[in-house]
Every structure is written in structure tokens, then in C-alpha cells.
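Examination of the molecular architecture
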Amino acid sequence: MAGTKLGTAWIQIKPSMKGMTASIRSELSGIGGNEGASMGSKFSSAFAAKVGMVSAVTERVFSSAINTISNQISDAVYRADTLNRFPKVMQMMGYSAEDAAKSVEKLREGVKGIPTSLADVVSGTQRLAAITGDVEKASDWTMALSDAMLITTGDVNEASRGMEQFMQLLARGKPSGNDWNTIMEVASPIMNELAKSLGYAGAELGGDFYTALQKGTLSTEKMMEALVELDQNGGNGLESLHERVKSSTGGIAATMTFLQQSISNAIVDIIQSIGS
């Protein structure tokens, strides 16, 4: 009944979750006739609903965590294979094991604090070493490209798309309209900055920078030297690309990528320790 005062009473609630709602309902039912019974029924139902919600959320969180770990296993296997294969491939290309180890260490330092996979930059360095004939230069080029492609979007998948097109450009020795369009979609501000650092007006398709690369009056090597300079030291009053990419990839998506990579890296360590 409305307006009925039930008074003050202590309710003994058992700490066990099992039967807790029944205990609440029983205790409240004894407070004051129909009002107490009604209150007990409503309270216990609401409490049960809340407990159910919490249990469901807990189960989903736990299930999501397990799925995240499971999904990282195949990625970890790929990374472990890439890292283990790198020194062997480098030796087949005429580099020493020491050169390969120095390259991996440089790249390992380079990806600290950014959501870039070590395996991805190691794989990129392997490809560029075949083009440059210099594993140290290939390492610098790879990190510069990775930073340049990541800095604008902060998305590792978009960065990978742009980097793949840039790799094809370097392998070919000059740009095509298709790869240039993709690169500009991913990193147009950095490409314009790169063009201006070399004395060109901008990096648009068909512009002076693009035309110079196509005609060979500007070599891809000189372009990459300028990009490495921007990556490591900055220019025009701006800090280095590498420092900028660290500060521009702090969003939720990047944080989730860091989490996934941390899990994957831990699995890689386990895989490599088993194989050693």
C-alpha cells in the first residue's frame, strides 16, 4: 500500500551467490505483511537481473580475452618464422650473421612505442636489402617508410597498404599512377613535406616531384635519403617523423594493436625458447 511505513529492520543476506535472491525475498517478506512480501519479490527479481547482467558481462570479457590470445597464436607463428628466417636469408644474400643481428636490433629499437610489428619491418628490410645492396640502409629506409605511412592515419593496416605500394615503386625505380594514388591516400601530408624538402612544390600526381621521379631526374635513392633525414632529424622546424608518429598513435585503436602485439610477442618468445 502506498504510504505504509514498514519501519527499520536488519536483513541478514548470506554471502553465497547461490540462493541469495531467495534469502533476500524471505527476509523482506517478514517485515510487514503484503507490503513486505511484495517488496521482497520485486527486490529479489531486480537483484537477480543485475547479477545476471554482471555474470554475462564477465563471461563475455573472459571469452573475448581467450579469443584474443587464440587469434594471436597464428600471428605469433608468422612473426617467429620471419625473425628466425631473416639471418639465414641475409647470409644467402651475402650479409654476415652480425649484420643481420644489428639490423634486427635497430628495428627492435625503432618499433618501441609505436604500433608497428617488428616482423613487418624485418620483412620489409629483407625486401629492401635486395634493392639497396646494403642491409643497414635497408633498415633505415624501412623504418622511415613505416613511420611516414603510419603518421597520418595511425592505422597499421592503412600504413601497410601504403608501404606495399612504396615498396613496389622502389623495386620498379619509378612511380606509376596507381601506386602513387595509394601512397597519397595514406600519407599525402608527409609526401608533400618530403617533396618540399627536396625543393619541389608538392607531391600531387603529375606534379614536379612526381614527374622528376618518373623521368629519373630525381633518383629514388635521393628521395629515400631525404625521407630518412626527415624520419630521424625532422626539418623545416618540425620534429622527426619518428617522434611525431609516437605522439600521433595514442588512440584506442593503437592501444588495442599494442595489446595484441604484446600478446603475440610473448607467444613468439615462448616459441623461440622452445626451438632454442
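No experiment lies behind these values; they were computed from the predicted model shown. (Residues numbered from 1 in each chain as written. Predicted model: local features only at pLDDT ≥ 70, side-chain atom pairs only at ≥ 80, totals over all residues. Heavy atoms only, no water.)

**Some words on the overall build of the protein chain**
Quick note on the threshold: Only DSSP runs of H or I with at least four residues qualify as helices, and only runs of E with at least two residues qualify as strands; both kinds are numbered from the N terminus onward. A simple rule labels every residue: compare its accessible area, found with a 1.4 Å probe on the protein chains alone, to the largest value its type can have, and call it buried under 20%, exposed over 50%, or partly exposed in between. Computed with the Shrake-Rupley method and a 1.4 Å probe, the accessible areas treat only the protein chains shown as cover for residues.
Within the protein chain one finds 11 helices and 0 strands. For the protein chain, the sequential pattern of α-helices and β-strands runs α-α-α-α-α-α-α-α-α-α-α. Scored against the burial criterion, the 276 residues of the protein chain give a buried share of 38%. Here the protein chain displays about 15,100 Å² of accessible surface, and carbon together with sulfur accounts for 55% of that area.

**Considering the packing of helix α5 (residues 135-153) against helix α10 (residues 241-248)**
Here is the rule: Note on method: axes are straight lines fitted to C-alpha atoms, helices fitted across the in-contact stretch only, with angles between N-to-C directions ranging 0 to 180 degrees. Put simply, angles under 35 degrees are roughly parallel, angles over 145 are roughly antiparallel, angles from 65 to 115 are roughly perpendicular, and the rest are oblique. Crossing handedness is defined as follows: a turn of the near helix away from the far one that is anticlockwise and smaller than a right angle gives a left-handed crossing, while the clockwise case is right-handed. We call two residues in contact when some of their heavy atoms are within 4.5 Å. Here the term charged refers only to Asp, Glu, Lys and Arg, the term nonpolar to Ala, Val, Leu, Ile, Met, Phe, Trp, Tyr, Cys and Pro, and the term polar to all other amino acids, Gly among them.
Close contact between α5 and α10 brings their axes to 9 Å; oriented N to C, the two are set at 40°. One finds that α5 runs oblique with respect to α10. Seen along the crossing, α5 lies across α10 with a hand that is left-handed. Across from Met-143, Asp-147, Ala-148, Leu-150 and Ile-151 in α5, the residues of α10 making contact are Leu-241, His-242, Arg-244, Val-245 and Ser-248. In terms of residue class, the contact of α5 with α10 is built from 6 nonpolar, 2 polar and 2 charged.

**With respect to the environment of Glu-221**
Topologically, Glu-221 is positioned in helix α9 (residues 220-233). Separated by 89 residues in the primary sequence, Glu-221 and Thr-132 place their C-alpha atoms 8.6 Å from one another. Setting aside its immediate chain neighbours within four residues, Glu-221 contacts Lys-137 and Trp-141.

**Structural notes on the packing of aromatic side chains**
Where we set the bar: When two rings of Phe, Tyr or Trp (its six-membered ring) have centres within 6.5 Å they constitute a pair, described as stacked for plane angles under 30 degrees, edge-to-face for angles over 60, and tilted for the intermediate range.
The final tally for this structure, using the stated rule, is 3 aromatic pairs. Taking 5.6 Å as the distance between ring centres and 40° as the angle between the ring planes, the aromatic pair formed by Tyr-200 and Phe-209 counts as tilted. Taking the relative accessible area as the measure of exposure, Phe-209 reaches 0% and is therefore buried. Three or more aromatic residues joined by ring pairs make a cluster, and in this case those are Trp-180, Tyr-200, Phe-209 and Tyr-210.

**Thoughts on the pattern of salt bridges**
Our working rule: Salt bridge criterion: a side-chain nitrogen from Lys or Arg within 4 Å of a carboxyl oxygen from Asp or Glu.
Tallied over the entire structure, the rule returns 12 salt bridges. The partner of Arg-161 in a salt bridge is Glu-185, with the nearest N and O atoms 3.1 Å apart. Here the residue Arg-161 occupies a position in helix α6 (residues 156-172), and Glu-185 occupies one in helix α7 (residues 177-197), the gap between them amounting to 24 residues. Accessibility expressed as a relative area gives 34% for Arg-161, which makes it partly exposed.

**Observations concerning the confidence of the model for the protein chain**
Close inspection of predicted coordinates is inappropriate for parts of the model with low pLDDT. Convention followed: A residue's pLDDT is the confidence the predictor assigns to it, expressed on a 0 to 100 scale.
Per-residue pLDDT for the protein chain averages 79, and the proportion of residues at 70 or more is 63%. Across residues 13-17, where pLDDT falls below 50, the model places 7 contacts with residues more than four positions away in sequence or in other chains.

**Describing helix α8 (residues 208-215)**
Selection rule: The directions considered for the arc are those from the helix axis to the C-beta atoms.
Turning to α8, its buried residues number three or more, namely Phe-209, Tyr-210, Ala-212 and Leu-213. Buried residues of α8 fall within an arc of 160° about the axis and therefore sit on the same side. Buried residues along α8 sit in contact with α7 and α9. Looking at the residues trailing α8, positive phi occurs at Gly-216, about 90°.

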